[in-house]
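Summary of structural features
One-letter residues, chain by chain:
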Amino acid sequence: MTLFKRKEKATGEILAGGESAIANKEVEGLSQGQIVRRRFFRHRAAVGALVVLTSLILFVMTALETKIGPIRIPGWWKWTTEDIPALRFEDCPGGTTGCPTLSLKPGAGFGFGTHPFGQDDIGRDYFALVMNGARRSLMIMFVIGAVAGFIGVVVGSLAGFYGKMVDASLMRLVDFIQTVPAIIIAAVIGKAVGKVGPLYLALFLGILGWTGLARLVRAQFLSLREMEFVDAARVAGASNIRIAFKHILPNAVGQIIVAVTLIMAGAILTETALSYLGFGVVAPDVSLGLLISQYESSFTTRPWLFWWPGLFIISIALCVNFIGDGLRDAFDPRQRRRITKKDRLQAKLHTKAGA
Amino acid sequence: MSKENILEISDFNVDFWVDGVWYPAVIDMNLGLAAGKVTAIVGESGSGKSTTALGLMSLLASNARMEGSVKVKGEEMINAKASVLRQFRGKEVAYIFQEPMTALNPLYTIGFQIVETLRSHFDMGPKEAQARALELITMVDIPNPEQSILKYPHQLSGGQRQRAMIAQALACDPALLVADEPTTALDVTVQAEILDLMRGLKDKLNSAILLITHDMGVVADMADDILVMKDGVTVEHGTSDQIFSNPKHPYTQQLLGSVPKLGSTKKRTLPYSESAKPAPVLKLSDVTIEYPKRGRQPAFTAVKNFNLEIYPGEIVGLVGESGSGKTTVGRASIGLLPVKGGSIEIVGKEIAGANSKQLSDIRQHTGIVFQDPASSLNPRLPIGESIGEPLFLAKLAKGADLARKVEELLDQVELPRSYRNRYPHELSGGQRQRVGIARALALTPDLLIADEPTSALDVSVQARFLELLQELQGKLNFACLFISHDLAVVDILCHRIAVMQDGLLVEAGDRDLILKNPKNDYTKRLISAVPVPDPKEQKIRREARLALKK
């Protein structure tokens, strides 16, 4: 009980803040953005994940040829998904063919080799296939994040800001969408839109995935709406739109970013699940989930066909989750750094003369 | 110091770790406290008084370190084993905190919580503990003890909750009671009762009390000894009479000088003559304001048939206790709340039933300063933008012209121009409140509504703020509705005073008339409950008040 009280007091003091409030020393002279950045970079796992994800995206995106309209940017990898080179027999264990040539052992064998991820059963380069699949999966992930984020923020803001009838009707819509078993609808519609391409699948999944975010944004708006600075803006003559977008939304942005990151982490898994079940991305398009399902039967003879896409799915989802975690900590004002024994011993005493 | 001291603090230091540096919060403190005595630690926010209180029993966060010695009944508490500390906490040293709502667990009845304290320290059966809890609740004067013991914290009023907290704190007959701002969250009349209760219990149980407060009136009412702290350093330590009548340290003198004292300001003349009143800036006639029903909660009438007129150039104080509807009146006067009945006119224009276009026109004549400096500024906007917003939205200034006007406004409230690009969290409470005034005055309003603008500020900051407000009012000559629960502040500032109780206007009139010669019983009680920062005078007032109660 006393512990609770103490925490409350500590924050209260910071808020009421005398200039001498010690707790404020850490944020002296910094803007909100700088504080968040500083806290984020203190979270080692999140920073690591950010580095890994960024390099992964660069790696995946530059590996193969990119076509944007008439512009063609060549990739650095020698095979394409259409090439069907001969299956490799050398050095493969137990009489299998097309095994990976990637070797991380230092020495003579170190390097990518001709087919680092191996070949599939007809000889296509699996590295090219996985790169292509990862590309699609990443695209789907970002589109879902953007669509769900946009709808969630708009619906949540409207419901939270206007309240009453607007709130009631929008929230019933949210209830309705949440009760619909998304995976089945997605399966049905995925079957239909699968033929038109993965972009439409992503759009559709985005349209189903915004409900949690909308609730969160609504809750944020409801509490921020009662803050005195909102009244101050109203007295100053600000319109509803200005209050919602200039005064309330920026204060909810932290929560929104965190929620969207977590939606994206979930999205990549949903896409995988749907494609695996055969309702998501359909051949000749590829995605990581589709790769796993296509080569499901060769799992015993060619296990790498399963491992590589799996590894990519896990790394991407994990990285996005870690980044979301780091952001959540960074945006939480109550988050304090843990102090180790070493920190305690190394710390210098602030000159008492000044105090 | 003598052996009988319950609490013996010597060379006590507390430091906080922030980014690799230890910042001192309490420096070389020495204090001895005997049974049956009250020592008050006073100081402004950030002076280390609460840190001291929590540090005694090692209740501070993990980024704090403590040095020196704290002895309770001769036993060392610094670096003591957790089991020893646990034995002392609650049993020998009990705490009363500021906010009883958060200090009591909302999931359990108050009876349960007292029984829990009892049974964790004594070998006691449930029945026995229940009986003792009932006894304690009776002792702290909670009405209907048998029923109250089964109530949850939210079912009690603020004062009753604080009483329940005290009952829990006293459960084990503690030798030392640490009261950290025990009455700050309470209304003055309730505060007076709680202080009476604490005084009575101290005499009965012979406990020592360490009282932590920023309210010099409470100190004058309770303390035998006073310790004045500033930035962690004990600047002065002496008996109550010594400190109040003959403060030695300049900081103590300054602190006592900035405490507003009821009935000490000279006569103030109205800026207009009674016979030829100008047209009122704000005219509330027969105003009724209702909070509409929500679900099963019935509609609540917050203000009933309220009449008040404010003329150009005068400051009218609106006082009352929490829940009396004074803030509601303020907010309705600026069109932030709909009016159920009656009319509100600002410079001759009707607010009740005005559409949003008309409202925004009327609002150009008004400004409002809010209570809470922490939430009244948008944390994501630099303060220059907050101040300039009314000008920008009224399309009175843009670009470089706006920047120049914002700088002028900052000059007016005596903040450096460079603060334009700072964010609210970089400013202290007093500075934020100045920003609030600058924003309210941006459109040079005819009417300023100030809703408890000083209640979150330290006394010295408050004194400066009130001076500034008076200066500005003298210069710009706006009319002002000053809402406050603090009669002493209203006394300093206002020409006229209106007193509210339960949504009704009970009395209104000239400042001197209301403060010196109140007609209404409630006003009388309110005025007599205000503690005066002078031990001798406060003693007389206390006796007078107790006589009035009988």
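Reading the values: rules and limits
Residues numbered from 1 in each chain as written. Chains lettered and ligands numbered in written order. Predicted model: local features only at pLDDT ≥ 70, side-chain atom pairs only at ≥ 80, totals over all residues. Helix = DSSP H or I, 4+ residues; strand = E, 2+ residues; numbered from the N terminus. Rg over C-alpha atoms; globule rule 2.2 N^0.38 Å. Buried ≥ 20, exposed ≤ 12 C-beta atoms within 10 Å, placed from the backbone. Contact = placed C-beta atoms within 7 Å. Pairing = 2+ DSSP bridges. pLDDT = per-residue confidence, 0-100. Core = buried A, V, L, I, M, F, W, Y, C linked by C-beta atoms within 7 Å. Axes fitted to C-alpha atoms, helices over the stretch in contact; angles between N-to-C directions. Left-handed = near helix turned anticlockwise from the far one by under 90°. Nonpolar A, V, L, I, M, F, W, Y, C, P; charged D, E, K, R; others polar. Domains from an automatic or database assignment.

Helix and strand content of chain B: 21 helices and 20 strands. A compact globule built from 550 residues should have a C-alpha radius of gyration of about 24 Å, and chain B, at 25 Å, falls within 12% of that. Considered along the principal axes of its C-alpha atoms, chain B spans approximately 70 × 55 × 50 Å. A buried classification covers 52% of the 550 residues belonging to chain B. For chain B, contacts bridging at least 24 residues in sequence account for 68% of all contacts bridging at least 6.

Our focus in this paragraph is the sheet that holds strand S12 (residues 300-310) of chain B. Residue and element names in this part refer to chain B. Spatially, four strands are ordered S12-S11-S14-S15 in an open sheet, and the strand pairing comes out antiparallel. Only two strands of the sheet have a single neighbouring strand rather than two, namely S12 and strand S15 (349-350). Pairing of strand S11 (residues 282-291) with S12 involves seven bridges; the strand directions are antiparallel. In the strand pairing of S12, Val 287 is matched with Phe 306.

It is worth spelling out unusual backbone geometry at this point. Positive phi is not limited to glycine here, since Lys 73 of chain B has a value of about 50°. Tracing the chain through its elements places Lys 73 of chain B in the loop between strand S4 (64-72) and strand S5 (75-76).

The next point concerns the pairing of S4 of chain B. Here is the key point about a regular strand: its side chains alternate between the two faces of the sheet. All names here are of chain B. Strand direction decides the pairing type here: strand S1 (residues 7-18) and S4, joined by eight bridges, are antiparallel. Each residue of the ladder has a partner; that of Glu 8, found in S4, is Lys 71. Pairing geometry for S4 and S5, over two bridges, is antiparallel. Looking at S5, one finds that Lys 71 is bridged to Glu 76. The hairpin formed by S4 and S5 contains two residues between the paired strands, and Lys 73 there has a positive phi angle of roughly 50°.

A few words now on the confidence of the model for chain B. This prediction gives chain B a mean pLDDT of 86; 99% of its residues lie at or above 70. Taken together, the chains of this predicted complex give a pTM of 0.78 and an interface ipTM of 0.76.

Formed by 248 residues in total, the largest nonpolar core has its most connected members in Val 130 and Ile 144 of chain A together with Leu 176, Leu 210 and Phe 482 of chain B. At 18 residues, helix H4 (residues 126-162) of chain A tops the list of elements feeding residues into this core. Setting aside residues no more than four positions away along its own chain, Phe 482 of chain B makes contact with Ile 315, Val 316, Gly 317, Leu 318, Ala 450, Val 490, Leu 493 and Cys 494 of chain B.

Residues and elements named next belong to chain A. At a minimum axis separation of 6 Å, H4 and helix H5 (residues 164-179) run at an interaxial angle of 145°. Here H4 and H5 pass one another in a crossing that is left-handed. In this structure, H4 uses Val 155, Leu 158, Ala 159 and Tyr 162 to contact H5, whose residues at the interface are Lys 164, Val 166, Asp 167, Leu 170 and Met 171. In terms of residue class, the contact of H4 with H5 is made up of seven nonpolar, no polar and two charged.

A separate point is the domain arrangement of chain B. Residues and elements named next belong to chain B. Split by domain assignment, chain B resolves into domain 1 (35-54 + 87-257), domain 2 (270-365 + 446-519) and domain 3 (376-444). Computed from C-alpha atoms alone, the centre-to-centre distance between domain 1 and domain 2 is 34 Å. Counting from both sides, the interface comprises seven residues of domain 1 and, opposite them, six residues of domain 2. The residue makeup of the side of domain 1 that touches domain 2, split by class, is one nonpolar, four polar and two charged.

Regions with low pLDDT should not have their predicted coordinates read in detail. All names here are of chain A. A residue-level look at chain A finds 80% of positions with pLDDT of 70 or above and a mean pLDDT of 77. Looking at the elements of chain A, mean pLDDT is at its lowest for helix H1 (residues 2-16), recorded as 34, and at its highest for helix H8 (residues 211-225), recorded as 91. Scored below 50 in pLDDT, residues 1-20 makes 39 contacts in the model with residues more than four places away or belonging to other chains.

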